[in-house]
Amino acid sequence: MTGRALQKPPRLRRGDRIAAVTLSWGGPGVHPQRYAAGKRQLEEAFGVHVVELTHTLADPDFVATNPQARADDLHQAFADPDIAGIVSTIGGDDSMRLLPLLDLELIAAHPKVFVGYSDTTTVHMACLKAGLRSFYGPAIMTGFAENAGLHDYLVHGVRRMLFSADAPVAWPENADGWTAEFLDWADPDSQARPRTLRPSAGWRWPSGADPVEGPLVAGCLEVLDWLRGTPWWPELDGAVLALETSEEAPPPVAVTRFLRSLAVSGELQRLAALLFGRPGGSDLPVETHGEYDTAIRQVVHDECGLATLPVVTGLDFGHTDPIWTLPLGTLTRVDPQRREIVWLDSGVSEPTRS
């Protein structure tokens, strides 16, 4: 996947200091009460100490016009020996402006847990390029700030993937229900009101025959599409590619076009497997979710004849909640016969620090 062997960061432990980085939208400055709720719930659930960097809580206009300041914060978080992990505060739409500013040698020299999703996809691709495993998982203002407290599924996923080096790990299905309901963060009463959960219908396996294995590459489909043709586009040969769509709810045709581009480049044909998260968007009718499966089948089966390519849809990661935490770069088995997804290696290592 990269020119270097992928490093495992040391696993997290209770008492660790975790840096909160604002890499895109200056959300903490817009909704400080939402950020505070996420920080508090993250600290209480996992026994860590969340620390802000110079620009974590900066004015959103400053954040928007100063990508170098955001990159400097990320560099500071990686270089500081007293910081054990890094978590994104929130997504946005311009973290790609950080990419030319990032020091990959510094990131490689100080491997540590980095977690976030959505627009943070860009920094995950930088971590892969630097040779570091990272984690597609909750951000402070979204998953960790869940209204009325954290979901058990999210807590279990974070503990299992970031605080434990045991392997293999089977990705469990979420049986507790899911939500994409929007509650206004500006309303102070919203934080105490739980969002309504919809029943979980389970994963769907529209294709695939034999078990396959490959390193995991995960990200938001729209953000990955922005990176096409740049040095930050990931190596997909033999990969298990996990895609999800944002709260902007791009239509199924956007998935069709993305996969067609992969087919034209030959990358779709060289994937080990394709995973697809439950579509995001608070106003997206659940009845339309099957249309995304249809879009995938149209390209994978009808246009490319890849009937044996394992495809799994309806997965819990990305822009619906709760989500599991995914270890990028980790060897992953997708088994259509047993209908299971297993990480054969851990994404983290046992720490050598005292």
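So, here's what we can say about the structure.

What counts and what doesn't
Sequence positions are assigned chain by chain, starting from 1 and proceeding in written order. Only residues with pLDDT of at least 70 are given local features in this predicted model, and only at 80 or more are side-chain atom pairs given and counted; all residues enter the totals for whole chains, interfaces and linings. Neither water nor hydrogens contribute to the side-chain values; these are computed over all heavy atoms in the structure. Any two of the Phe, Tyr and Trp rings considered here, Trp counted by its six-membered ring, make a pair once their centres fall within 6.5 Å; the pair's planes then place it as stacked at under 30 degrees, edge-to-face at over 60, or tilted in between. A run of H or I in DSSP counts as a helix once it spans at least four residues, and a run of E counts as a strand once it spans at least two, with each numbered from the N terminus. Accessible area is worked out with a 1.4 Å probe on protein chains only. A residue is then buried under 20% of its type maximum, exposed over 50%, and partly exposed in between. In this description, strands pair whenever DSSP reports at least two bridges between them. Points on a 1 Å grid, built from protein atoms alone, make a cavity when a 1.4 Å probe fits but cannot get out and make a pocket when they are open with protein on both sides within 12 Å along at least 5 of 7 lines; residues with an atom within 4 Å of a point are the lining residues. Grid points are joined across faces, edges and corners, and a volume is the space filled by probe spheres set on the points. Classification convention: Asp, Glu, Lys, Arg as charged; Ala, Val, Leu, Ile, Met, Phe, Trp, Tyr, Cys, Pro as nonpolar; all other residues, Gly among them, as polar. The contact criterion used throughout is that any non-hydrogen atoms of two residues lie within 4.5 Å. What we call a nonpolar core is a set of buried Ala, Val, Leu, Ile, Met, Phe, Trp, Tyr and Cys residues that are connected through their side-chain atoms within 4.5 Å.

### Overview of the packing of aromatic side chains
The description of an aromatic ring pair uses the distance of the two centres, along with the angle that the planes make with each other.
Alright, step 1. Inspection of the entire model under this criterion finds 10 aromatic pairs.
Alright, step 2. With a centroid separation of 6.1 Å and an interplanar angle of 65 degrees, the aromatic rings of W171 and F317 are classed as edge-to-face. Of the two residues, W171 is situated in the loop between β6 (169–170) and β7 (204–207) and F317 in the loop between β11 (311–315) and β12 (326–327); the sequence distance between them amounts to 146 residues. Taken individually, W171 and F317 each receive the classification buried, so the pair is uniform in this respect.
Alright, step 3. When the ring of W233 is compared with that of F258, the centres are 6.3 Å apart and the planes differ by 50 degrees; the resulting orientation is tilted.

### Describing the sheet that holds strand β13 (residues 331–335)
Alright, step 1. Taken together, 8 strands build an open sheet; the order of strands is β6-β14-β13-β8-β9-β10-β11-β7 and the sheet is mixed. Both outer strands of the open sheet, β6 and β7, are each paired with one neighbouring strand and no more.

### What to know about unusual backbone geometry
Alright, step 1. The residue after A167, namely P168, is reached through a cis peptide bond having omega 0 degrees.
Alright, step 2. Within the element layout of this structure, P168 appears in the loop between α7 (152–162) and β6.
Alright, step 3. Put simply, D321 and P322 share a cis peptide bond, and its omega is -5 degrees.
Alright, step 4. As for its position among the elements, P322 is in the loop between β11 and β12.

### Let's talk about the layout of surface pockets
Alright, step 1. In this structure, the largest pocket spans a volume of roughly 770 Å³.
Alright, step 2. Together, 32 residues line the largest pocket, and Y117, T142, W185, E247 and H319 are the ones closest to its centre.
Alright, step 3. Here the lining of the largest pocket is composed, by residue class, of 10 nonpolar, 12 polar and 10 charged.

### A look at the side chain of H151
Alright, step 1. As for its placement among the helices and strands, H151 is situated in the loop between β5 (135–136) and α7.
Alright, step 2. Setting aside chain neighbours within four positions, we find H151 in contact with E146, L197 and P322.

### A few points about the nonpolar core
Alright, step 1. With 79 residues, the main nonpolar core has W171, L259, L274, L275 and L326 as its most contacted residues.
Alright, step 2. At 6 residues, the largest contribution of residues to this core is made by helix α6 (residues 121–130).
Alright, step 3. Filtering out sequence-adjacent residues up to four positions away, L274 remains in contact with L241, L243, L259, I296, V300, L309, P310, V311 and V312.
Alright, step 4. Counting residues in each nonpolar core, the second largest holds 28 residues, with F46, A84, M141 and A165 among its members.

### Digging into the environment of W205
Alright, step 1. Among the structural elements, W205 can be located in strand β7.
Alright, step 2. The contacts of W205, once residues within four sequence positions are left out, are V311, V312, V334, D335, P336, R339, E340 and I341.

### Describing the environment of P81
Alright, step 1. Here P81 is to be found in the loop between α4 (67–79) and β3 (85–88).
Alright, step 2. Along the sequence, P81 and K112 sit 31 residues apart, while their C-alpha atoms lie 9.8 Å from each other.

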